[in-house]
Number of protein chains: 2
Amino acid sequence: MISRFRAPIIAGALIASGVLSGAAAKKPQEPAGDPVDFVNPFIGTTNFGTTNPGAGVPNGLMRVTPFNVMGSDTNRYDKDARWWSTPYDNTNSFFTGFAHGALSGVGCPDLGSLLLTATTGKLDVDYHNYGTAYSDEQAVPGWYSLNLDAYGIKAETTATARTARTRFTFPAGEGNILLNLGEGLTNESGATLRRVSPTEIRGSKLLGTFCYTADQAVFPVYFVMRISRVPSSQGMWKKQRPGAEWEAEWNKDQGKYKLYPGYSKVMSGDDIGVWYSYDGMTAGETVEVSMAISYVSEEGALRNLEAEQPAGTTFDDIRASARRMWNDDLSRISVEGGSLRDKVVFYTGLYHALIHPNILQDVDGAYPVMESDSIAYVPEGHNRYTVFSLWDTYRNLHQLLTLVYPERQTDMLNTMLAMYREHGWLPKWELYGRETYTMEGDPSISVIADSYLRGLRGFDTDLAWEAMLRGATAPGAENLMRPDADDYFSLGYVPLREQYDNSVSHALEYYTADYALSRFAAATGRADSTLFAERAAGWHNYFDPELGVLRPRLSDGSFLTPFNPRQGENFEPSPGFHEGNSWNYTFAIPHDVEGMIKAHGGEKEFVKRLQAVFDNGLYDPANEPDIIYPYLFSRIKGEEWRTHRIVGELLDKYFTTAPDGIPGNEDCGTMSAWAIWSMMGMYPDTPGDPAFTLTVPRFDKITVKLDPEIWGKNYLEIKRRNAKAHSGRISHDEMLRRYGK
Amino acid sequence: MISRFRAPIIAGALIASGVLSGAAAKKPQEPAGDPVDFVNPFIGTTNFGTTNPGAGVPNGLMRVTPFNVMGSDTNRYDKDARWWSTPYDNTNSFFTGFAHGALSGVGCPDLGSLLLTATTGKLDVDYHNYGTAYSDEQAVPGWYSLNLDAYGIKAETTATARTARTRFTFPAGEGNILLNLGEGLTNESGATLRRVSPTEIRGSKLLGTFCYTADQAVFPVYFVMRISRVPSSQGMWKKQRPGAEWEAEWNKDQGKYKLYPGYSKVMSGDDIGVWYSYDGMTAGETVEVSMAISYVSEEGALRNLEAEQPAGTTFDDIRASARRMWNDDLSRISVEGGSLRDKVVFYTGLYHALIHPNILQDVDGAYPVMESDSIAYVPEGHNRYTVFSLWDTYRNLHQLLTLVYPERQTDMLNTMLAMYREHGWLPKWELYGRETYTMEGDPSISVIADSYLRGLRGFDTDLAWEAMLRGATAPGAENLMRPDADDYFSLGYVPLREQYDNSVSHALEYYTADYALSRFAAATGRADSTLFAERAAGWHNYFDPELGVLRPRLSDGSFLTPFNPRQGENFEPSPGFHEGNSWNYTFAIPHDVEGMIKAHGGEKEFVKRLQAVFDNGLYDPANEPDIIYPYLFSRIKGEEWRTHRIVGELLDKYFTTAPDGIPGNEDCGTMSAWAIWSMMGMYPDTPGDPAFTLTVPRFDKITVKLDPEIWGKNYLEIKRRNAKAHSGRISHDEMLRRYGK
C-alpha cells in the first residue's frame with residue numbers, strides 16, 4: 001500500500017526520514033515548513049479508516065473527493081459488493097469521478113454523489129466504461145490531482161467552504177465532461193436537473209438512508225454547476241427502466257442509458273446525468289468546472305457560488321486560499337522537536353479533526369431546520385454545524401475543539417441547542433438536518449456538560465439544562481435518545497431482552513451521560529445532581545465479581561448464563577455489547593475508577609486485569625469505548641508508566657504516515673483526536689470531569705494558541721521533560737495554570 | 001361491450017329509440033335537448049378507437065381521464081403487455097386513477113400520467129393493490145364519474161381549459177388520496193415533486209418518446225396540485241432500485257415501494273408518488289383535488305390554477321362551465337329530423353373533432369417554443385395549438401374547422417407558421433412542442449393551402465409560401481419533411497430501397513402536398529404553380545396498367561417483382577405501403593381523378609375496379625388513405641348513387657353509439673370528421689381543391705353557424721331533398737351560394 005502513497009510536497013522530507021520509500025516520490029520537493037506541509041491527506045484512506053484525500057477547507061460544507069469504489073473488478077473494494085462507507089480507498093485503482101460533498105471517516109454509506117469526470121473521444125456515459133485507471137495522484141489540504149490514464153487528462157480539484165473548482169487539462173482531440181447524478185455512495189437515489197444556459201445547470205439529488213437503518217433520514221443536496229467554456233454539444237442521459245420483453249422490439253433503450261442530445265429542460269429520474277462535449281481541443285487546453293452545493297435550495301447554491309467564486313476567481317486563487325485557511329487553523333498548535341513522522345501524524349490528525357462537524361448554512365446564513373421542511377438563519381458571524389457523530393466525538397474531539405477552537409465548539413453547542421428547539425431533541429447522530437439514530441446513548445449531554453465544566457459559557461445554560469433533562473427524564477415510549485429509559489430508570493440498568501441486543505452498551509452510555517449531567521447540575525447549583533450521580537453508579541449492576549467483567553443482566557436481575565466475555569470479537573454478534581465484547585466495555589467507566597478498583601478487588605487486581613486486556617490482545621484501538629483504557633493506569637500512583645508505555649506503543653503501531661495509518665474507522669475525528677491529545681501528552685478521559693490524564697508528549701515543545709478571553713492565557717506551552725513530570729491527572733484549570741502563558 | 005355502456009343523460013332517449021338495451025340505464029333521465037346532451041363520451045373507447053370518456057373542455061389543454069390499462073389480469077388490455085395507446089378501454093375493468101393530460105384518439109402511447117386516485121383503510125401505494133374494479137360509470141362532456149368498488153368511494157372529475165377538479169366522496173373511516181408519478185401511458189419516466197404546504201405540491205414529470213421511435217421527443221409536464229382538506233398525515237413514496245443480493249440484509253425496501261412518511265422536501269426518481277391520509281372520515285365526506293398543468297413551468301401551472309379555479313370555485317361551477325362551453329361549440333351545427341342514433345353519432349363525432357389540436361399556452365400566453373428550451377407568448381386573444389396529427393387531420397378535420405370554427409383554424413395556421421419560424425419546419429406530427437416525425441409526407445402544405453383556397457386570410461401568406469417551399473424544395477439530406485426528396489425530385493417518384501419501406505406511401509403524400517401547393521401558388525400568382533402541378537402527376541410512375549394498381553418501383557425504373565397487391569392486409573408488412581396494401585392506396589389520388597380514369601381504361605373500368613375494393617373486402621374504413629374512395633364514384637355522372645349507398649352503409653355499420661362505434665383509431669378527429677361531413681351530405685375529398693363531393697345528408701335539416709365576415713353568410717342551411725339534389729361535386733363557393741343564408 002505504501003507504493004501508492006503520494007504527497008509530493010512533504011515527500012522529500014519523508015524520504016529523508018525513512019518514512020517513505022523513494023519509489024513513491026518522483027518530483028522535486030518544497031522544503032517542509034508550515035504546518036499544512038506536514039499533512040498527508042492519504043493517511044487513513046485504507047484499512048477502513050474511511051478518510052479521503054479530497055479537497056476542502058476546515059469544517060467546510062464542500063468536500064470534493066475522488067470516487068474510486070465502483071465500476072471495475074480491478075478495484076479491491078466495491079461499494080456495490082459489500083457494506084462500504086467511503087468514496088475512496090487507496091488500494092483501489094478505478095476512478096469514476098469527483099464526488100461533491102463527501103463524508104470523511106464514517107462507518108456508513110452516504111453522500112458522495114454529483115460525480116464529475118472527463119473523458120476523450122466518443123461519448124460513453126456508462127461509468128463501467130468511462131471510469132479509468134489513474135496515476136500521479138497528489139494531494140495537499142485543499143487540493144487533489146491525478147492523471148486519468150485512459151484519456152491522458154490531468155484532473156485537479158480544489159474547494160472553498162461551499163463550492164469546488166475542478167480543472168481538466170485535455171490532450172488534443174475531442175473532450176467530454178460528464179456529471180453523473182445516478183451513482184454515489186448514498187443509498188438514496190433520484191435526482192432532477194435543468195439547463196439554465198449552455199454552461200450552467202441546476203438541480204438536486206436525494207441523499208440519506210444512512211447505515212440503511214436510518215431509512216427516513218433523507219434530504220436533498222441542491223447544486224449549481226458552471227463550466228468555463230461553451231461546449232460544442234451537450235445533452236443529458238437517463239438509464240431506462242427495464243421494460244417488458246415484447247417491448248424491446250420498439251424500445252432500443254430499454255434497460256440502457258438513453259442519450260438525450262437535444263433535450264434541455266428539466267430531467268428527473270433514478271439515474272440521470274449531463275454531458276458537455278468539446279470538438280477539436282488542442283493539447284493542454286483546460287476546462288474548469290465550478291460546483292456549488294446547498295442543503296437549502298438551488299438559489300442557495302447559486303448564492304454560494306457567486307459569493308465564493310466571484311467573477312475572475314481562478315483555480316489557483318481557490319487553491320491558495322484553501323491552503324491558507326488550513327495553515328491558519330493548523331498553526332494554532334505548533335510543535336518543535338520530535339520526529340518528522342510524528343509531525344506528519346500529528347498535523348494530519350489535526351487536519352482530520354477539522355473536517356466534521358462541518359458548517360451547514362449557505363452564505364446568507366440559511367440552513368434546513370432539524371427534522372423540518374422549513375429554513376432558518378444562523379446569526380451573522382456564527383455557523384450552523386452538521387455531521388454530529390456524537391457517540392464517537394463526545395469522548396475527545398469536542399474537548400479538543402473546546403480548548404483550541406472554542407469559537408467553533410461554542411457554535412456547535414448552540415447548533416445542538418437549536419436542534420433541540422427545532423426538533424425537541426438534542427442530536428445523537430445528526431446528518432444534514434436529519435437524526436439518523438445511529439449508535440446509542442445520550443451523547444450531547446457529555447458534550448454540553450464537559451464544555452461548560454471546562455469553561456465555555458457562550459450558550460444558554462438554562463436551555464441546555466432543559467434539553468439535557470429531556471433525554472434524562474422522558475419515558476421510554478417517547479424518549480428518542482434513550483428508548484429503554486423505563487427499564488433504566490426503574491431498574492438502574494437495561495436488561496437484555498433479545499439475544500443480541502446492545503443493552504449493556506446502552507446503559508453504559510446512560511451512566512456516562514448521567515455522570516456528566518450530575519456534574520453540570522452541581523456546577524449550576526441544581527439539586528438534581530445527586531439523582532444523576534446515583535444513576536451513574538448503576539454500572540455496578542453489570543459487574544460480575546466472579547468473572548471480573550461486565551455481564552448482561554436479565555430483567556429478573558439474574559446474569560445472562562452462559563456467558564463468554566470474549567464473544568463479540570471481530571464484529572461477531574455479541575449479547576449486550578455493541579461492536580465489541582465485554583472486555584472492550586468492562587473498564588469503560590472513567591467517571592468511577594475508584595468504584596472499579598474496589599469492584600475488581602483493589603488496585604493490584606485492577607491493574608492486573610486491565611493490563612491483561614492489552615497482553616491478551618483484547619484491546620481494540622479502533623472502537624471507542626476502550627480507547628481510554630491506557631489512561632486508566634495513571635489513576636493509580638506508581639502505574640503511570642504503563643500509560644506512557646502503552647500510549648507510546650499504540651501511537652507507534654497504529655498511527656503512521658501510511659494510507660493505513662489510522663487503526664480503523666476514523667469516526668469523524670475521534671481516532672485522530674486520540675492521537676493528537678496523546679502526542680501532546682494529555683488526554684481528556686472523562687467527559688464531564690474537566691481534567692486530563694497526562695502522558696509523555698511526542699514533541700520537545702508544543703505551543704497551543706488560546707483565546708485569552710476564555711482561558712485567561714494566550715497560549716499553552718508544553719515542554720517535554722522527564723516521565724514523572726508527565727504523570728498523573730490534573731484538572732483543566734491546573735492544566736491552564738501549569739502550561740498557560 | 002354494449003352492456004358496459006353508460007351515458008345516463010341521454011340513455012333514456014336512446015332506450016326509447018332502441019339504440020341501447022334497457023339493462024344499461026338504471027337512472028331517471030333528463031330529456032334530451034341541447035346538443036351536448038347527445039354526446040356519448042363512451043363511443044370510440046374500445047375497438048382501438050382510443051378515445052376516452054374523460055373530462056375536458058373544447059380544445060382544452062387539460063383532459064382528465066380514467067386510467068384502466070394496467071395492474072390487473074382482469075383487464076383485457078394492458079399497457080405493459082402490448083403496444084397500447086390509450087389510457088382507457090371500455091372493456092377493461094381495473095381502475096388505477098385519473099390521468100391528467102391525456103391524448104384522445106391516437107395510435108401511439110404518450111401522456112396519460114399524474115395518476116390520481118383514492119382508497120380507504122391501510123395505505124398501499126402499489127397500483128396492483130390499490131387499483132379497483134368499478135361500477136356506475138357515467139360521463140358527459142366535461143364530467144366523468146365512477147364508483148370505486150373496493151372502497152365504496154365515489155369519484156368524479158371535471159375540467160377547465162388547463163385544470164381539473166376531482167371530488168372523492170368517502171365512506172366512514174380512514175381515507176387516502178394518492179398521486180402516482182411513476183406510471184402513465186407515456187414511455188418516458190422520471191418525475192420530481194416538492195411539498196409547498198400541507199395541501200399543495202408542485203412538480204414535473206417527463207413525457208414523450210411517442211411511438212417509441214420519437215425517442216428524442218421528450219418534454220416535461222409541470223403541475224400544481226391542491227387538496228381541499230388538510231390531511232391527518234401525508235408522505236411520499238419511491239420505488240427503490242433493485243439492489244445487490246448481499247444488500248437485502250440491510251435494505252428492506254430494495255426493489256420495493258419505500259414510504260417516506262416524514263419527508264417533505266424535493267423528491268425525484270423514476271417511480272415516485274405522494275399520499276394524503278385522513279383519519280376518521282364520516283360517511284359522505286368529500287375531498288376535492290385541484291390539479292393544474294403547464295408545459296411551460298411550475299409557475300405557469302400555478303397561474304393556470306389561480307386563473308381558472310379562483311377562490312370559491314366549486315366542483316359544480318366547473319362542471320357547469322365545461323358543459324356550457326361544449327354546448328356552445330356543438331351548437332354551431334344544429335340538426336333536425338333524422339334518428340336519435342344519428343344525432344348521437346353526429347354530436348359525439350363533433351365532440352371528438354374538438355379535442356385535438358388543443359391549446360398549449362398558459363393563461364398568460366406563455367408556451368414552449370418548438371424544439372427549443374425557450375418560452376414565447378402567443379398574442380392576446382389567440383391560441384397556440386399542439387397535437388398536430390397532420391397525416392390524418394389534413395384530410396378532413398381542418399376543412400371542418402375552416403368552415404365552422406374558422407377562428408380556431410386560423411390560430412392553428414398561425415401556430416404552424418410560428419413553428420416554422422421557431423424550428424425551421426412546418427409540423428408533421430407535433431406533440432407539445434416536439435416534432436415526432438410520425439407517419440410520412442408534408443401535410444402542413446395541404447392544410448395551409450386548403451384553408452387559403454377556401455377563403456381564410458388571417459395569416460401571413462408570404463411566410464406560408466416560404467415555409468411550404470422549404471419541404472417542397474430542400475434537398476433530402478436536410479429535408480425533415482421529405483427525407484427522400486432527392487429521389488422524388490429527380491425521378492418523380494420514391495423508389496423502393498428496402499423490402500418493407502413505405503416508398504409509395506411517401507410519394508403519394510408528396511403528390512398530394514405538391515398538388516395543394518400548386519393550387520396555392522396559382523391562387524397567389526406565383527409562377528411555380530406549374531412545377532408543383534407536374535410533380536403531382538408523378539403518381540403515374542407507380543401505376544401498373546397490367547394489375548390496375550399502384551406498385552412499388554425500383555430505382556432503375558422497374559416495378560417490384562413479384563408483387564401481390566393484397567400484401568399488407570391486417571398490419572402485415574407491405575412493400576412500399578404504410579399500414580395498408582396497394583388497394584388501400586391505389587385510388588388515393590383525389591387531385592387527379594381524371595388521370596386515374598384514363599389510366600384505368602375509362603370510366604366503366606374505373607368504377608368497376610373501385611367498386612371491387614368494396615365488394616372484395618379491401619376497403620379499410622379506419623385507415624386514412626382510402627377513406628375518400630366512396631366519394632370518388634361521384635366524379636362520374638350517373639354513379640353518384642354508389643357514393644350515397646356506400647357512405648350510408650359505412651355510417652350504419654361502423655359509426656354507432658356503442659363503445660366500439662368508431663371503425664378504428666379515431667386519429668385525432670379524422671374518423672369523426674369523416675362521419676360528420678358524411679352526415680351533413682358533403683365531403684371535402686381533395687385537400688387543395690376547395691370543393692365538396694355531395695351525398696345525402698342524414699338529417700332533414702342541418703344549420704351551420706358561419707362567421708359572416710369570412711364567409712359572407714350567417715349560416716348554412718342544408719335540407720334533405722331527393723338524392724339527385726345531393727349528387728355530384730360543388731366548389732366551396734358554390735356550396736356557400738347554394739346553402740348559405
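Starting from 1, residues in each chain are numbered consecutively following that chain's sequence as written. Chain labels run from A onward and ligand labels from 1 onward, assigned in the order the entries are written. The predicted nature of this model means local features are confined to residues of pLDDT at least 70 and side-chain atom pairs, given and counted, to a pLDDT of 80 or more, with totals for whole chains, interfaces and linings taken over all residues. Side-chain calculation: all heavy atoms of the structure are included, whereas hydrogens and water are not.

Engineer: Would you explain the pairing of strand 5 (residues 134-140) of chain A in this entry?
Structural biologist: All names here are of chain A. With a 1.4 Å probe rolled over the protein chains alone, any residue whose accessible area is under 20% of its type maximum counts as buried; one over 50% counts as exposed, and the rest are partly exposed. What counts as a helix is a DSSP run of H or I of at least four residues, what counts as a strand is a run of E of at least two, and both are numbered from the N terminus. With respect to burial, strand 5 is a largely interior element, five of its seven residues being buried. The pairing criterion is simple: DSSP has to find at least two bridges between the two strands. Bridging between strand 5 and strand 6 (residues 143-148) involves five bridges; their strand directions are antiparallel. Across the sheet, Tyr134 pairs through a bridge with Leu148, a residue of strand 6. The antiparallel hairpin formed by strand 5 and strand 6 contains two residues in its connecting segment, where Gly142 sits at a positive phi of about 90 degrees.

Engineer: I would appreciate a short explanation of the state of the cysteines in the present structure.
Structural biologist: Working definition of a disulfide: a covalent bond connecting the sulfur atoms of two cysteines. Residue and element names in this part refer to chain A. The disulfide definition used here is simple: a pair of cysteine sulfur atoms within 2.5 Å. Under the defined criterion, the tally for this structure stands at two disulfides over all chains. Each sulfur in the disulfide pair Cys108 and Cys211 lies 1.7 Å from the other. Here Cys108 and Cys211 share a disulfide; its torsion about the S-S bond, 90 degrees, makes the bridge right-handed. With Cys108 in the loop between strand 3 (98-102) and strand 4 (111-120) and Cys211 in the loop between strand 11 (200-208) and strand 12 (218-227), this residue pair connects regions lying 103 residues apart in the sequence. Assessed through its relative accessible area of 5%, Cys211 is described here as buried. Here Cys668 is not disulfide-linked; the sulfur of Cys108 is the nearest cysteine sulfur, at 10 Å.

Engineer: Just to check I follow, could you spell out the sheet that holds strand 31 (residues 715-719) of chain B for this structure?
Structural biologist: Hydrogen bonds along the backbone pair up the strands of a sheet, which may run parallel or antiparallel. All names here are of chain B. Across the sheet, which stays open at both edges, the three strands sit in the order 18-30-31 with antiparallel pairing between neighbours. Bordering the open sheet on either side are strand 18 (333-336) and strand 31, each of which pairs with just one other strand. If you compare each strand with its neighbour and ignore which way they point, the axes differ by 10 degrees on average. Where strand 18 and strand 30 (residues 701-705) come together, four bridges link them in antiparallel fashion. Counted as the bridge partner of Ile333 is Val704 from strand 30. Structural elements are reduced to axes, namely lines fitted to C-alpha atoms, with helices fitted over the stretch in contact, and the angle between N-to-C directions of any two is expressed from 0 to 180 degrees.

Engineer: How should the interface of chain A and chain B be read in this particular structure?
Structural biologist: It is common to report an interface's size as the accessible area lost on association of the parts. Residue contacts are defined here by distance: any two heavy atoms, one from each residue, within 4.5 Å place the two residues in contact. Taken together, the 53 residues of chain A in the interface contact 53 residues of chain B. Simply put, the buried area is the total loss of 1.4 Å probe accessible area from both parts when two parts are fitted together. A buried area of about 4,100 Å², summed over both sides, lies between chain A and chain B, and 48% of it is on carbon and sulfur atoms. A pairing counts as a salt bridge when a side-chain nitrogen of Lys or Arg comes within 4 Å of a carboxyl oxygen of Asp or Glu. Counting every contact that joins chain A to chain B gives ten salt bridges. Residue Glu188 of chain B is joined to Lys238 of chain A by a salt bridge in which the shortest nitrogen-to-oxygen separation is 3.2 Å. Under the rule applied, a polar contact is a pair of N or O atoms within 3.5 Å (in protein, one hydrogen donor and one hydrogen acceptor; residues adjacent in sequence only if both atoms are side-chain atoms). In this assembly, chain A and chain B are joined by 31 residue pairs in polar contact (both at pLDDT 80 or more). Only strand 10 (191-197), strand 11, strand 12, strand 13 (233-239), strand 14 (257-260) and strand 15 (266-269) of chain A provide two or more residues apiece to the side of chain A that touches chain B. Here the term charged refers only to Asp, Glu, Lys and Arg, the term nonpolar to Ala, Val, Leu, Ile, Met, Phe, Trp, Tyr, Cys and Pro, and the term polar to all other amino acids, Gly among them. Looking at the side of chain A that touches chain B, its residues break down into 19 nonpolar, 15 polar and 19 charged.

Engineer: Explain the packing of helix 7 (residues 397-404) of chain B against helix 8 (residues 406-423) of chain B to me, please; I cannot follow it from the model alone.
Structural biologist: Each pair of packed helices can be described by the angle between their axes along with the distance between the axes. Residues and elements named next belong to chain B. In contact at an axis separation of 5 Å, helix 7 and helix 8 are set at 125 degrees when each is read in the N-to-C sense. Taken together, the axis directions place helix 7 and helix 8 in an arrangement best described as oblique. Each of His398, Leu401, Thr402, Leu403 and Val404 in helix 7 lies in contact with helix 8, whose residues at this interface are Pro406, Gln409 and Met412. The class makeup of the residues in the contact of helix 7 with helix 8 is five nonpolar, three polar and no charged. Orientation categories follow fixed angle ranges, with anything under 35 degrees roughly parallel, anything over 145 roughly antiparallel, 65 to 115 roughly perpendicular, and all other angles oblique.

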